[in-house]
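If you want the building blocks of each chain, they are given just below.
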Amino acid sequence: MRTRRMTIADLRAAKGQRALTMLYVETPDEAAAAAAAGVDILSIIAPVWTDTMREAAGDCFVQVGLLYGGPISTDDYLRAGFAALNTGGDAFYCSAALETVRRMAAEGLPVVGHVGLVPHKATWTGGFKAVGKTAASALSVWRAMSDLEAAGAVAVELEVVPARIGAELSRRSSLVTFGMGAGSGTDAQYLFAEDVLGCTRGHRPRHAKTYRNFAAEYERLQQERIAAFGEFVADVKAGRYPGAEHDVAMDEAEFAAFLAGLDPV
């Protein structure tokens, strides 16, 4: 059981020593549940990263996602990074140019890069499919990791590469590897909470594993919601709501005085 939140030094010390767990979460409830369950690392995007989310995340190490295309210039990324730091972020996802990574690292902002299948850059690697299945492609991923390491990044999301490649790249790099569909040899196993909970929106990736069926529960709750709203409508139309128990009482004498004070009709 953790007694305090991990630091960057702790994260690096854990590399190759123990398997880390990581979840992408979107709500305070998800963050709090992850903290209670003992998840090591959370990924939370900047638009929903707030004091409330920091409190909910408890002692989880939090990577705050600075979304590509949100900040535009290097200065924008620096401002966004420091804003997220001041809200209690522990590291900052940045998939911008190496110059931006270098500037952020030089200012002491711990940067997490992204290699392999990078969704917003997938057109360059052939679309939404595995990367690194050929020697040339795998070496390209390795060079990208090496460039991030040289630029001062502390970790990297390694997404959808063959397990053997994920293990080899993790072993050879000082970067802490957050593996998503990259095999068991990466330093952390990273999944989206919606996949774990069975409420995936859109395509469910091969590497996802579902542990609960929240989709069915959400559908049941939606039907209950519709039924409750319908009963409310029916009660109003039938005169059953509001009832005497919902009314604010008034002393008879006060009501009489009120009526006396009104203009005659």
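Here, the structure is the one placed above.
Below, the structure is looked at part by part.

About the cut-offs
- Residues numbered from 1 in each chain as written.
- Predicted model: local features only at pLDDT ≥ 70, side-chain atom pairs only at ≥ 80, totals over all residues.
- Heavy atoms only, no water.
- Helix = DSSP H or I, 4+ residues; strand = E, 2+ residues; numbered from the N terminus.
- Polar contact = N/O pair within 3.5 Å; in protein donor to acceptor, adjacent residues only side chain to side chain.
- Contact = heavy atoms within 4.5 Å.
- Core = buried A, V, L, I, M, F, W, Y, C linked by side-chain atoms within 4.5 Å.
- Buried < 20%, exposed > 50% of the residue type's maximum accessible area, 1.4 Å probe, protein only.
- Phe/Tyr/Trp six-rings, centres within 6.5 Å; stacked < 30°, edge-to-face > 60°.
- Lys NZ or Arg CZ within 6 Å of the ring centre and 35° of its normal.
- Pairing = 2+ DSSP bridges.
- Axes fitted to C-alpha atoms, helices over the stretch in contact; angles between N-to-C directions.
- Expected span 1.5 Å × (residues − 1).
- Arc of directions from axis to C-beta.

## Considerations on the side chain of Ser43
Assignment of secondary structure puts Ser43 in strand β2 (residues 41-45). A distance of 3.1 Å separates the side chain of Ser43 from the side chain of Gln63, its partner in a polar contact. Setting aside anything within four residues of it in sequence, one finds Ser43 in contact with Met22, Leu23, Tyr24, Val25, Gln63 and Tyr190.

## Topic: the nonpolar core
Note that soluble globular proteins tend to have their nonpolar side chains buried in a common cluster. Residues Leu23, Val25, Leu42, Met104 and Leu158 are the most contacted members of the largest nonpolar core, which totals 45 residues. Here this core gets four residues from one element, more than from any other, and that element is helix α6 (residues 135-151). For Val25, the residues in contact, after removing those within four places along its chain, are Glu30, Ala31, Leu42, Ser43, Ile44, Met53 and Ala193. Grouped together as the second largest cluster of nonpolar side chains are 19 residues, Met6, Ala14, Ile41 and Ala91 included.

## Re the packing of aromatic side chains
Per the counting criterion, the structure on display carries five aromatic pairs. Taking 4.3 Å as the distance between ring centres and 15 degrees as the angle between the ring planes, the aromatic pair formed by Tyr24 and Phe192 counts as stacked. With a gap of 168 residues between them, Tyr24 in strand β1 (residues 20-24) and Phe192 in strand β8 (residues 188-192) connect regions that are remote in the sequence. Look at Tyr190 and Phe192: their rings are 6.2 Å apart centre to centre, the planes differ by 25 degrees, and that puts the pair in the stacked class. A relative accessible area of 4% means that Tyr190 is categorised as buried. According to the relative accessible area criterion, Phe192 is partly exposed, its value standing at 26%. Pairwise contacts between aromatic rings join Tyr24, Tyr190 and Phe192 into one cluster. The positively charged end of Lys121 is found above the aromatic ring belonging to Tyr68, 5.4 Å away from the centroid.

## Topic: the sheet that holds β1
A barrel is described by the order of its strands in space; here eight strands give the closed sequence β1-β2-β3-β4-β5-β6-β7-β8, paired in parallel fashion. Going across the sheet, the axis of each strand differs from the next one's by a mean of 30 degrees, ignoring polarity. Pairing geometry for strand β3 (residues 61-65) and strand β4 (residues 91-93), over three bridges, is parallel. Across the sheet, Gln63 pairs through a bridge with Ala91, a residue of β4. Packed onto the sheet, α6 meets β5 (111-116), β6 (155-159) and β7 (176-180) and runs at close to 170 degrees relative to β5.

## Observations regarding helix α4 (residues 74-86)
Helix length check: α4, at 13 residues, gives a terminal C-alpha distance of 18 Å against a target of 18 Å (1.5 Å per residue), a fit within 8%. Restricting attention to buried positions, one finds in α4 the residues Thr74, Tyr77, Leu78, Gly81 and Ala84. Looking straight down α4, one finds that the buried residues subtend no more than 130 degrees of arc, so they occupy a single side. Facing away from the buried side of α4 by over 90 degrees, the exposed positions are Arg79 and Asn86. Close packing links the buried residues of α4 with β3, β4 and α5 (98-106). A positive phi of about 100 degrees marks Gly88, the residue just after α4.

## A look at α6
With 17 residues, α6 ought to run about 24 Å at 1.5 Å a step, and its terminal C-alpha atoms sit 24 Å apart, in line with that. Looking at α6, one finds that the buried residues are Ala138, Val141, Met145, Leu148 and Ala151. For α6, the buried positions fall inside an angular range of 145 degrees around the axis, keeping them on one side. In α6, those exposed residues whose orientation departs by more than 90 degrees from the buried face are Ala135, Ala136 and Ala150. Directly beyond the C-terminal end of α6, a positive phi value near 105 degrees is found at Gly152.

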